[in-house]
Amino acid sequence: MPANVYLDYQSSKPVDPRVVEAMLPWFTDRFGNPNSLHQDGDEATEALERSRERVARFIGAEKDEIVFTGGATESNNLALLGYIARNRRKGDHVVIAEVEHISVHNLAKALEKQGIKVTRVPVDQFGRVSPAKLRARIKDETLLVSVGWASSEIGTVQPIRETADMLRGSGIALHVDAVAAEGLVSIDMREVGVDLLTLSSNDIYGPKGLGALYVRKGVHVAPVIIGGGQENGLRSGTENMPAIVGMAEAADIMVRELSEDVARMRPLRDRLVREVLAAIPDSHLNGHPTERLSNNAHFRFEAVEGESLLLSLKDKGVSVSTGSACSSKTLEPSHTLLSCGLLHEEAHGSLEFTFGRWSKPSDVDRVLEVLPGIVARLRALSPLYDMDNKLKGEH
Amino acid sequence: MKSTQYSEKTLDHFRHPRNVGTMEGPDVAVGKVGNPVCGDLMYMYIRVKDDRIADIKFQTFGCGSAVATSSMTTELVKGMTLDEAMKVTRGNVADALDGLPLIKMHCSNLAADALHEAIKAWREGRGGEVPEAPAPGAVKESCELPPTTVEGFDALVGKGVYRQEPDPAELKDRRVLVLDRGERSVKLALALTEYTGRVVFMSPYKKPEAKDDFRAPLKRSDVKVLYESQLLAVIGEFEVEKVRVHDLNENEEYELTVDAVVVLE
């Protein structure tokens, strides 16, 4: 488990040791291929279907509604490309939220190249998509709406139930990428009318390289990975049994421990937010003040740059993320922050803290001990922070 | 290679930057490069004596390599003649730091340029001058376009575009852009901060210095102020979604997400 002060659980999570234990036999003693007809194959088939049942139970779904994939990105591919390919005759228009994860944004661009029209719904200053704004953008040709359950970046939780209710009976499919929200909010497909739901194994402390797509009964998608016809023809390739068993174990643990996890993380997060905003002048919380994931604190500090903050925290043994352009591959700042209405130079000064199952009060102590000094040092270097300690109008 | 995979030397200059600060006086010249929009802004101050750089200081807003290259540049050129210093390139600075990640070679390696700007300023007899000492009202009248020429403006009146003072309650929690139309617009912007956390005030003028300028109270408020900026377009299919802004100082255009635009008549 993290030895340093690790507050970047949104980027990567350790696998729960109980999950590792459950996975181990499936590497060595129980290595059968579920497609084989002998004893070893039967054993694997049984474990595969048991695992499917356990993952289904985690989100209140039926066993046959779960398709295992190679990860959340692949699930998003299957949901968007697969649904459009299968249902194209019904329309040619897709609606996504402006704050979607990069994988959904890039899929939307790929769909545009196939001749699909894409509308991107703007969000409010907290990053929320209003169902009314979404409804205004729906046309007769609309096939699919895709909205993430929560933002992996600023932690804002979307009104998914209201969105699903608004779409009920319209014949338009609703895809929800639940990766940021799973394990933090209760997700129950019996209560919310979602048609396609993306899950990741690592985000509930399972192994990487595995995900799942929930496909509601009666909703049809075409496969994007073609081969031997595994997963009911929707995802070919020999099943990754150790990872599948691991995700199922992680899902079981999450069913039991979600509220306990949240009750442990929320006070840590709340204290970090309260004390950072109090200790550091000209600091702000990005995202929604209340409708946010219980493990997420996303700040911006005026007149300092995020990569410099991140490097300085790294020197103090603290791991975090930033939405600054300077730490991205494209040198573009976070599209989520710009969609919330921030200026480029404001987006550059952002810092994201995400808590997880092994976060402890001493992690917050350490951040509070070092962060005010780091911000002050970088501001002393910065021409944007003027003598009377107020950044205004330098543009 | 990751964009933050820095050499030990770069990290050392980031952690312990040399020659941070400002200088003034008739023997000091200043060079400025970069733009906070891009995430980098630096000022290089040189004190010239007998055609040599007798002293040098910098201020930088930017990422790790922006800070480190500024610091290294000051170390490299202190004591050099102006001719020698003009020959120092970005490449020299990167080499002196044992290299920079490829992606940072251009955008975050502007310190040599800032130095050259400072030397040019000195040679043009602009010693003792601080760049962009703002003179309120110095921007030409032509900067302020009448709102009717703003693209998309008329179509969105009533859908987030206001020509009269809006009912502030209507703008609760909305992102509001208020255009500088004199003292009334300043008062409106200040009043709106009671209703929403996001008020942006945009003015074609330079940042006011004079204490009696009616725009000065904005500095102390929660209003985000954009000086030397001009509204080009209001964008939205059903309602105001974004505006397109021209940064007159940098001659750059960018988009900003807002819900409402107020241009008092």
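Residues numbered from 1 in each chain as written. Chains lettered and ligands numbered in written order. Predicted model: local features only at pLDDT ≥ 70, side-chain atom pairs only at ≥ 80, totals over all residues. Heavy atoms only, no water.

A. Representation of a nonpolar patch on the surface in the model. The grouping of A:Val20, A:Leu24 and A:Phe27 at the surface amounts to a nonpolar patch, some 280 Å² of accessible area in total. On the secondary structure map, A:Phe27 appears in the loop between helix 1 (17–23) and helix 2 (39–58). (Patch = residues over 30% accessible without salt bridge, like charges linked within 9 Å, V, L, I, M, F, W, Y side chains within 5 Å. Areas by Shrake-Rupley, 256 points an atom, 1.4 Å probe, with all protein chains shown as cover. Salt bridge = Lys/Arg side-chain N within 4 Å of Asp/Glu carboxyl O. Helix = DSSP H or I, 4+ residues; strand = E, 2+ residues; numbered from the N terminus.)

B. The interface of chain B and chain A, seen in detail. Taken together, the contacts link 53 residues of chain B with 47 residues of chain A. In this assembly, chain B packs against chain A so that about 4,300 Å² is buried in total across both faces, 53% of it on carbon and sulfur atoms. Applying the counting criterion to the chain B and chain A interface returns seven salt bridges. Its salt-bridge partner being B:Glu239, residue A:Lys133 comes within 3.8 Å of it at the nearest N-O pair. Put simply, chain B and chain A have 19 residue pairs in polar contact (both at pLDDT 80 or more) between them. Among the elements of the structure, helix 1 (8–15), strand 2 (40–49), strand 3 (52–61), helix 2 (64–77), helix 5 (104–107), strand 7 (224–226), strand 9 (242–247) and strand 10 (252–257) of chain B are those that each provide at least two residues to the side of chain B that touches chain A. Of the residues that constitute the side of chain B that touches chain A, the class distribution is 23 nonpolar, 13 polar and 17 charged. (Contact = heavy atoms within 4.5 Å. Buried area = accessible area lost by both parts, 1.4 Å probe. Polar contact = N/O pair within 3.5 Å; in protein donor to acceptor, adjacent residues only side chain to side chain. Nonpolar A, V, L, I, M, F, W, Y, C, P; charged D, E, K, R; others polar.)

C. Focus on the confidence of the model for chain B. The predicted model of chain B has a mean per-residue pLDDT of 85, with 87% of residues at 70 or higher. Confidence estimates for the predicted assembly give a pTM of 0.84 and an ipTM of 0.72. (pLDDT = per-residue confidence, 0-100.)

D. Inspection of the packing of helix 7 (residues 241–279) of chain A against helix 11 (residues 361–381) of chain A at higher detail. Residue and element names in this part refer to chain A. Their axes nearest at 10 Å, the elements helix 7 and helix 11 cross at an angle of 15°. One finds that helix 7 runs roughly parallel with respect to helix 11. Considering the relative orientation of helix 7 and helix 11, their crossing is right-handed. Residue-level inspection shows Leu268, Arg271, Leu272, Glu275, Val276 and Ala279 of helix 7 in contact with helix 11, the latter providing Pro361, Val364, Asp365, Val367, Leu368, Leu371 and Pro372. Residue composition of the contact of helix 7 with helix 11, grouped by class: 10 nonpolar, no polar and three charged. (Axes fitted to C-alpha atoms, helices over the stretch in contact; angles between N-to-C directions. Parallel < 35°, antiparallel > 145°, perpendicular 65-115°, else oblique. Left-handed = near helix turned anticlockwise from the far one by under 90°.)

E. Inspection of the sheet that holds strand 5 (residues 142–146) of chain A at higher detail. All names here are of chain A. In spatial order, the strands read 2-8-7-6-5-3-4; together these seven strands make up an open sheet with mixed pairing. The sheet is open, and its two borders are formed by strand 2 (66–69) and strand 4 (117–121), each paired with just one other strand. Ignoring which end each strand starts from, the neighbouring axes of this sheet average 20° apart. Sheet analysis places strand 3 (residues 93–97) next to strand 5, joined by four bridges and oriented parallel. In the strand pairing of strand 5, Ile96 is matched with Ser146. Strands strand 2 and strand 7 (196–200) of the sheet are contacted by helix 2, whose axis makes an angle of about 110° with strand 2. (Pairing = 2+ DSSP bridges.)

F. Looking closely at the pairing of strand 7 of chain A. Residues and elements named next belong to chain A. In terms of burial, strand 7 is a largely internal element, five of the five residues being buried. Covered by surrounding structure in strand 7 are Leu196, Thr198 and Ser200 together with Leu197 and Leu199, the residues of both alternating faces. As paired elements, strand 6 (residues 173–177) and strand 7 share three bridges and run parallel to each other. Within strand 7, the position partnered with Asp177 by the bridge is Thr198. Sheet topology places strand 7 next to strand 8 (residues 211–215); five bridges connect them, and they run antiparallel. Within the sheet, the bridge partner assigned to Leu197 lies in strand 8 and is Tyr214. (Buried < 20%, exposed > 50% of the residue type's maximum accessible area, 1.4 Å probe, protein only.)

G. Quick look at the sheet that holds strand 10 of chain B. Residue and element names in this part refer to chain B. Taken in spatial order, the three strands make up an open sheet running 8-9-10, and their pairing is antiparallel. Because the sheet does not close on itself, it has two edges, and the strands there are strand 8 (229–235) and strand 10. Each strand of the sheet is rotated relative to its neighbour by a mean of 25°, with strand direction disregarded. Here six bridges tie strand 8 to strand 9, and the two strands are oriented antiparallel to one another. Considered in strand 9, the bridge of Val234 is made with Val243.

H. Fine view of the side chain of A:Asn295. Of note, A:Asn295 is situated in the loop between strand 9 (283–285) and strand 10 (296–301). Not counting residues up to four positions away in its chain, the partners in contact with A:Asn295 are A:Gln10, A:Leu184, A:Met265, A:Arg269, A:Phe353, A:Thr354 and A:Phe355.

I. Expanded view of the confidence of the model for chain A. With 95% of its residues at a pLDDT of at least 70, chain A reaches an overall mean of 94. Here residues 387–395 of chain A is modelled with pLDDT under 50, and outside its nearest four sequence neighbours on either side it reaches 33 contacts, counting other chains as well.

J. Inspection of the packing of aromatic side chains at higher detail. According to the stated counting rule, one finds five aromatic pairs over all chains in the structure shown. Taken together, the ring pairs in this structure connect A:Tyr6, A:Tyr9, A:Tyr205 and A:Trp358 into an aromatic cluster. Directly above the ring of A:Tyr205 sits A:Lys13, whose terminal nitrogen or CZ lies 5.9 Å from the centroid. In this arrangement the basic side chain of A:Arg377 is found over the ring face of B:Phe14, its NZ or CZ atom lying 5.1 Å from the centre. (Phe/Tyr/Trp six-rings, centres within 6.5 Å; stacked < 30°, edge-to-face > 60°. Lys NZ or Arg CZ within 6 Å of the ring centre and 35° of its normal.)

K. Broad picture of the environment of B:Ile103. Along the polypeptide, B:Ile103 turns up in the loop between helix 4 (90–96) and helix 5. Put simply, B:Ile103 and B:Asp50 are 53 residues apart on the chain and 38 Å apart in space, counted from C-alpha to C-alpha.

L. The pattern of salt bridges, seen in detail. Counting across every chain of the model gives 54 salt bridges over all chains. For A:Glu260, the salt bridge identified is with A:Arg264, shortest N-O distance 3.8 Å. Here the residue A:Glu260 and the residue A:Arg264 both occupy positions in helix 7, the gap between them amounting to four residues, near one helical turn. A:Glu260 gets classed as partly exposed once you look at its relative accessible area, which sits at 47%. Note that B:Arg15 and A:Asp315 form a salt bridge whose closest N and O atoms lie 2.4 Å from each other. Of this pair, B:Arg15 sits in helix 1 while A:Asp315 sits in helix 8 (residues 306–315), placing the two residues on different chains. Judged by its relative accessible area of 29%, B:Arg15 falls in the partly exposed class.

M. Quick look at the environment of B:Val262. Residues and elements named next belong to chain B. By the secondary structure assignment, Val262 is in strand 11 (residues 260–262). Note on Val262: relative accessible area 0%, which makes it buried. Along the chain, Val262 and Leu179 lie 83 residues apart, while their C-alpha atoms are 6.2 Å from each other. The contacts of Val262, once residues within four sequence positions are left out, are Tyr162, Gln164, Pro166, Val176, Leu177, Val178, Leu179 and Leu188.

N. View of helix 6 (residues 160–167) of chain A. Residue and element names in this part refer to chain A. Of all the positions in helix 6, only Ile160, Thr163, Ala164, Met166 and Leu167 are classed as buried. All buried residues of helix 6 fall inside an arc of 160° around its axis, so they share one side. In this fold, the buried residues of helix 6 make contact with helix 5 (131–136), strand 5 and strand 6. After helix 6 finishes, the residue Gly169 shows a positive phi value of roughly 80°. (Arc of directions from axis to C-beta.)

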